[in-house]
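What follows is each chain in one-letter form.
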Amino acid sequence: LRQVDWSIMGRKGTEPGFLMNPTGIAVDEGCVAIAEEGNGRIQIFIEDESEYCINNLQNPCGIALSRDHIYVSDIDTNVIKIYGRNARGEGSFRGPGRGAG
């Protein structure tokens, strides 16, 4: 985990805290997660001022947080990826499909 430099938050770029084409945000009990299309990553900022990333995504669009997991929709690959709060991959499910579910 890295310390967050809040003075640079939201500037355009590739460094931690910088953003490139943010496409989604999720907030949950002391945690903010931002999906970035331009950097192909999810940045997670935690209340204690630490930060970490989920990298190597094609086109992350939507993001949701639960108590134990981070869910990311990657629209270029038609996949919902599931990560633990430690950013380790725990699974996925994919589309496309034509019916419900």
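About the cut-offs
- Residues numbered from 1 in each chain as written.
- Predicted model: local features only at pLDDT ≥ 70, side-chain atom pairs only at ≥ 80, totals over all residues.
- Heavy atoms only, no water.
- Helix = DSSP H or I, 4+ residues; strand = E, 2+ residues; numbered from the N terminus.
- Buried < 20%, exposed > 50% of the residue type's maximum accessible area, 1.4 Å probe, protein only.
- Contact = heavy atoms within 4.5 Å.
- Areas by Shrake-Rupley, 256 points an atom, 1.4 Å probe, with all protein chains shown as cover.
- Pairing = 2+ DSSP bridges.
- pLDDT = per-residue confidence, 0-100.
- Core = buried A, V, L, I, M, F, W, Y, C linked by side-chain atoms within 4.5 Å.

Undergrad: What exactly am I supposed to notice about the overall build of the chain here?
TA: Counting secondary structure elements, the chain contains zero helices and nine strands. Secondary structure elements in the chain, listed N-terminal to C-terminal, are β-β-β-β-β-β-β-β-β. Out of the 101 residues in the chain, the part that is buried amounts to 38%. Of the contacts made within the chain by residues no fewer than 6 positions apart, 27% connect residues no fewer than 24 positions apart. Total accessible area computed for the chain in this model is approximately 6100 Å², and 46% of it derives from carbon and sulfur atoms.

Undergrad: So what exactly am I meant to see when it comes to the environment of I46 here?
TA: In this structure, I46 sits in strand 4 (residues 41-46). As a C-alpha pair, I46 and G30 span 16 residues in sequence and 5.8 Å in three-dimensional space. Ignoring any residue separated from it by four or fewer positions in sequence, one finds I46 in contact with G30 and Y52.

Undergrad: In this structure, what is going on with the pairing of strand 5 (residues 50-54)? I would like to understand it.
TA: As a general feature of sheets, a regular strand has side chains that alternate between the two faces. Within strand 5, four of the five residues are buried, which leaves the element mostly enclosed by the surrounding structure. Two elements, strand 4 and strand 5, share five bridges in a ladder whose sense is antiparallel. Note that in strand 5 the partner of F45 across the bridge is E51.

Undergrad: Hey, could you run me through the confidence of the model for the chain in this one?
TA: When pLDDT is low, close inspection of the predicted coordinates is not appropriate. Counting all residues, the mean pLDDT for the chain is 83, and 84% of those residues have values of 70 or more. Mean pLDDT per element in the chain: strand 1 (residues 2-3) is the minimum at 56, and strand 7 (residues 69-74) is the maximum at 92.

Undergrad: When you look at the nonpolar core in this model, what are you seeing that I'm missing?
TA: Taken as a class, soluble globular proteins show a tendency for nonpolar side chains to be buried jointly. By size, the foremost hydrophobic cluster in this structure holds 15 residues, and its most contacted members are I42, I44, I54, I63, I70 and V72. Ranked by residues supplied to this core, first place goes to strand 3 (residues 31-36) with three residues. Ignoring any residue separated from it by four or fewer positions in sequence, one finds I70 in contact with I44, Y52, I54, I63, A64, L65, K81, I82, Y83, G84 and R85.

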